[in-house]
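Below are the chains, spelled out letter by letter.
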Amino acid sequence: MKKNRVSVLALVAAMMVLLSILPLRATNEVINYTDINKIKTEGMQRSQVMELSSWLSDVYAPRLMGSPMYTKAADWAIAKMKEWGLVNVKAEPWVNRNGFDRGWTNDKYYMEVVSPEPFPIPGTPTAWTPGTNGLVRGEAVLVTATTLEDLAAYKGKLKGKWILTQAVPDVAAYWTVISKRYTLDELAAMEFNPAPGLEFGVTPPGQRAGAPIIAAPAAPAPQAKPAAAPAAAQQPAQKPQAQPQPAAPAAGQRGGFGAANARNEFFRAEGVLGTLSTAPRGHGIYTIGGNRAADPATTLPAVVIPAEQYGRIGRMLAKKVPVTIEADIKSTYYPNPQVFNVVGELPGTDKADEIVMLGGHLDSWHAATGAADDGCGVTAMMEAMRILKATGVKLRRTVRIGLWGAEEQGLIGSREYVAAHFAGRQAPAAPAAGAPPAAGAPPAAAGQRGGGFGGPLGPLEFKPEYDKLSAYYNIDNGTGAIRGIYLQGNDAAGPIFREWIEPLRGMGVTTVTIRNTGGTDHQSFDGVGLPGFQFIQDETEYNAIIHHTNLDTYERLQPNDMMKDATIAAVFAYLTANREDKIPRKPLPIQGQRGR
Ligand SMILES: [Zn+2]
């Protein structure tokens, strides 16, 4: 008898496990397979996504916000979408309340070691840094001192020199495979083993897209740091976003702008030619960034070069072998640039006043062509719009595309769009200069510059369209195939998406996870309580060698993955547009909590 009871209990336990892993079937979603097949056929057999990607990453690149090429890329996207028959296609300016004072381009870069043995130095000037005064030559000197006390030893010795600003880094071999797809086990772990604390859609600082999530508090935790904590400490780092960085940070230096600025100011006062820095990943790869708020009048020429050339120069200097570098760098500033996003629509029918949005960011960093970050998000979403138009499938709601500017400087374009159309926050009044911050005051000062994901922290102000948006879908995790979707803690959307991915399982889409992912424009929607989602994408080589590096080019795009991504985005837009109800929403973000 006892044995039987044990086996009954075991059976019940097994059934409970089985029930918990079976897809939930609660919402009875209507899926028109005829239309889905039309979309899949157009997307997978008549795809234009790679041709679009070539235009955007070969011809209209790089697309640093505020540069003339950003505008040319926008003009191209607008013309293309008009050609397809989209409506209301336009550049939509945003209010420049973020201190985006100047655009910048690097127009010429030449750098070479000329003695003792000539060799070229590939590299990229840090954004918003000035060029050289024509062709200049100077000896290289390695200065790792970071404090003004230590730098004092160099006083009077640096005039006309190129400064190597950090120790020569060690470059490890690639011992592990750098390109990977999610295994089914890994995807299952995302779905069935979410770390606790996800239900409020808060991605803790330090989380990267797709990484396991650390428990987040359900309510705002008491501020561990004083309210006047340095801005750098408030910026989450879900993905290795190039936040405005000092022109030439010392290796491992995390002192923020203050220390690096003081160091650069010392170099400038000493009359150096410029600074060189590198990234420890080696293999010819380096990442780029820049500080849009840097004052051109007090900024030095700064160049990022590969670890290999940096190391060769540094090791020769260590042997007391003098190294002379020649350079000619020309860069241009563009005061008061136009700041805008690009939008376009496919009009709906009986629910045309309600909206489904697709998007990615049009701007890019400049060491390469931004093919994957986020050219491929832009072209996949443009292609999704083309597919929906070309198939002629009926759309009850209006489908709108948003191509965002200045994502790389802190999601500015999407955040300003959301503020203008749906809901935004007014910055609270800044404390008077010198006054101690009020206890518990939001850390971001009004009008604070320098980017970051934060934005203002004041109360939400709602716009009429707030009630009209069903959902926003974003692609900005590189070229990898879509394998599912992050719910951003929105439990109610889970059963819907689980039914929707049924026709996509054969394309590898299997997973709906309660986890959230961060670091890009869906956060601008999610942060004000709107359903903003990003897809789970295969990693491919994205974080290893592509993201913000000099290798982010067309060659790194995977055509089959791109075709899938556009098709899947089109299916999600189609199903969202035609669903009887809008996608359910999470509870509103807690007052004063930064939208992430
Ligand atoms: Zn991006």
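Fair warning: this is a prediction, and the values are worked out from it, not measured in the lab.

### Here's the deal with the coordination of the zinc ion
Tetrahedral coordination by four donors puts the ideal angle at the metal at 109.5 degrees, and octahedral coordination by six puts it at 90 or 180 degrees. Protein coordination at the zinc ion: the donors are His361 (NE2), Asp373 (OD), Asp476 (OD) and Asp476 (OD), at 1.8 to 2.5 Å from the metal. If you look at the zinc ion, its four donor atoms make angles of 52 to 145° with each other, and the shape they trace is irregular. In primary-sequence terms, the residues that donate to the zinc ion follow H-x11-D-x102-D. Highlighted residues: His361 in strand β11 (residues 351-361) and Asp373 in helix α10 (residues 371-391), separated in sequence by twelve residues. The residues His361 and Asp373 share a single accessibility class, namely buried.

### Quick notes on helix α3 (residues 49-59)
Those residues of α3 lying buried are Val49, Met50, Leu52, Ser53, Leu56 and Ser57. End-on view of α3: buried residues confined to an arc of 155°, all on one side of the axis.

### A look at the confidence of the model for the chain
Mean pLDDT for the chain: 84, with 78% of residues reaching 70 or above. Scored below 50 in pLDDT, residues 196-255 makes 144 contacts in the model with residues more than four places away or belonging to other chains. Across residues 592-596, confidence stays below pLDDT 50; counting only partners more than four residues off in sequence or on other chains, it has 25 contacts.

### A few points about the sheet that holds strand β8 (residues 302-304)
Taking strand neighbours across the sheet as the criterion, the eight strands line up as β3-β2-β9-β5-β6-β7-β8-β4 in an open arrangement whose pairing is mixed. Whereas interior strands pair on both sides, the edge strands pair on one side only; in this sheet they are β3 (119-120) and β4 (124-125). Here strand β6 (residues 162-164) pairs with strand β7 (residues 274-277) via three bridges, running parallel. Along β7, the bridge assignment pairs Trp162 with Gly274.

### Some thoughts on the sheet that holds strand β15 (residues 469-474)
Strand pairing in a sheet relies on backbone hydrogen bonds, with the paired strands running either antiparallel or parallel. If you walk across this open sheet you meet the eight strands as β1-β10-β12-β11-β15-β18-β16-β17, and the pairing is mixed. At either margin of the open sheet sits one strand with a lone partner, and together these are β1 (87-93) and β17 (511-513). Taken pair by pair, the neighbouring strands of this sheet meet at an average axis angle of 25°, ignoring direction. As defined by bridge partners, β11 adjoins strand β12 (residues 397-404) across eight bridges and the pair is classed as parallel.

### Points about the pairing of β12
Most of β12 sits inside the fold, with eight of its eight residues counted as buried. Two strands pair when backbone bridges link them, and strand β10 (residues 340-346) and β12 are joined in this way by five bridges, in the antiparallel orientation. Bridging from a neighbouring strand, Glu345 pairs with Arg400 of β12. In this fold, β11 hands off to α10, which returns the chain to β12; that crossover is right-handed.

### Considerations on the nonpolar core
Met382, Leu388, Tyr473, Phe497 and Phe572 are the most contacted members of the largest nonpolar core, which totals 80 residues. Here this core takes ten residues from helix α15 (residues 559-578), the largest share from any one element. Split by domain, the residues of this core number at least three in each of domain 1 (34-100 + 342-425 + 467-578) and domain 2 (102-166 + 248-335). In contact with Leu388, other than residues within four places in its own chain, are Ile39, Leu346, Val393, Leu395, Val399, Ala570, Ala573 and Tyr574.

### Brief notes about the packing of aromatic side chains
The way to describe two aromatic rings as a pair is by their centre distance and the angle between their planes. On inspection of all chains with the given rule, the structure shows 22 aromatic pairs. Summarising the aromatic geometry, the rings of Trp404 and Phe525 are spaced 6.2 Å apart at their centres and angled 50° between planes, so their arrangement reads as tilted. Highlighted residues: Trp404 in strand β12 and Phe525 in helix α13 (residues 522-526), separated in sequence by 121 residues. Residue class for Trp404 comes out buried when judged on its relative accessible area of 0%. Judged by relative accessible area, which is 0%, Phe525 ranks as buried. Every member of this aromatic cluster is reached through a ring pair, and the members are Tyr473, Phe497, Trp500, Phe533, Phe535 and Phe572.

### Let's talk about the side chain of Gln537
Mapped onto the elements, Gln537 comes out in strand β18 (residues 532-537). Overall, the relative accessible area of 4% leaves Gln537 in the buried class. Only 3.2 Å separates the side chain of Gln537 from the backbone nitrogen of Asn477, close enough to count as a polar contact. A polar contact is formed between the side chain of Gln537 and the backbone oxygen of Gly480, at a distance of 2.9 Å. Beyond its immediate sequence surroundings of up to four residues, Gln537 is in contact with Tyr182, Ile475, Asp476, Asn477, Gly478, Thr479, Gly480, Ala481, Ile482 and Asp565.

### A short note on α15
The terminal C-alpha atoms of α15 lie 29 Å apart, and with 20 residues this matches the ideal 28 Å at 1.5 Å per residue to within 8%. Of all 20 residues that make up α15, 18 are buried, and the element is covered over most of its length.

### Here we look at the packing of helix α2 (residues 33-45) against α15
Interhelical geometry of α2 versus α15 gives an angle of 155° and a closest axis separation of 9 Å. Judged by the inter-axis angle, α2 sits roughly antiparallel to α15. Considering how the two elements wind past one another, α2 and α15 form a crossing that is right-handed. Side by side, α2 and α15 meet where Asp35, Ile36, Ile39, Lys40, Gly43 and Met44 of the first sit next to Asn560, Met563, Lys564, Thr567, Ala570, Val571, Tyr574 and Leu575 of the second.

What counts and how
- Residues numbered from 1 in each chain as written.
- Predicted model: local features only at pLDDT ≥ 70, side-chain atom pairs only at ≥ 80, totals over all residues.
- Heavy atoms only, no water.
- Donors = N, O, S within 2.8 Å, 3.2 Å for Na, K, Ca; no water.
- Tetrahedral: all angles 85-135°; square planar, octahedral: opposite > 155°, others 65-115°.
- Helix = DSSP H or I, 4+ residues; strand = E, 2+ residues; numbered from the N terminus.
- Buried < 20%, exposed > 50% of the residue type's maximum accessible area, 1.4 Å probe, protein only.
- Arc of directions from axis to C-beta.
- pLDDT = per-residue confidence, 0-100.
- Contact = heavy atoms within 4.5 Å.
- Pairing = 2+ DSSP bridges.
- Axes fitted to C-alpha atoms, helices over the stretch in contact; angles between N-to-C directions.
- Right-handed = clockwise from strand over helix to strand, strands pointing away.
- Core = buried A, V, L, I, M, F, W, Y, C linked by side-chain atoms within 4.5 Å.
- Domains from an automatic or database assignment.
- Phe/Tyr/Trp six-rings, centres within 6.5 Å; stacked < 30°, edge-to-face > 60°.
- Polar contact = N/O pair within 3.5 Å; in protein donor to acceptor, adjacent residues only side chain to side chain.
- Expected span 1.5 Å × (residues − 1).
- Parallel < 35°, antiparallel > 145°, perpendicular 65-115°, else oblique.
- Left-handed = near helix turned anticlockwise from the far one by under 90°.

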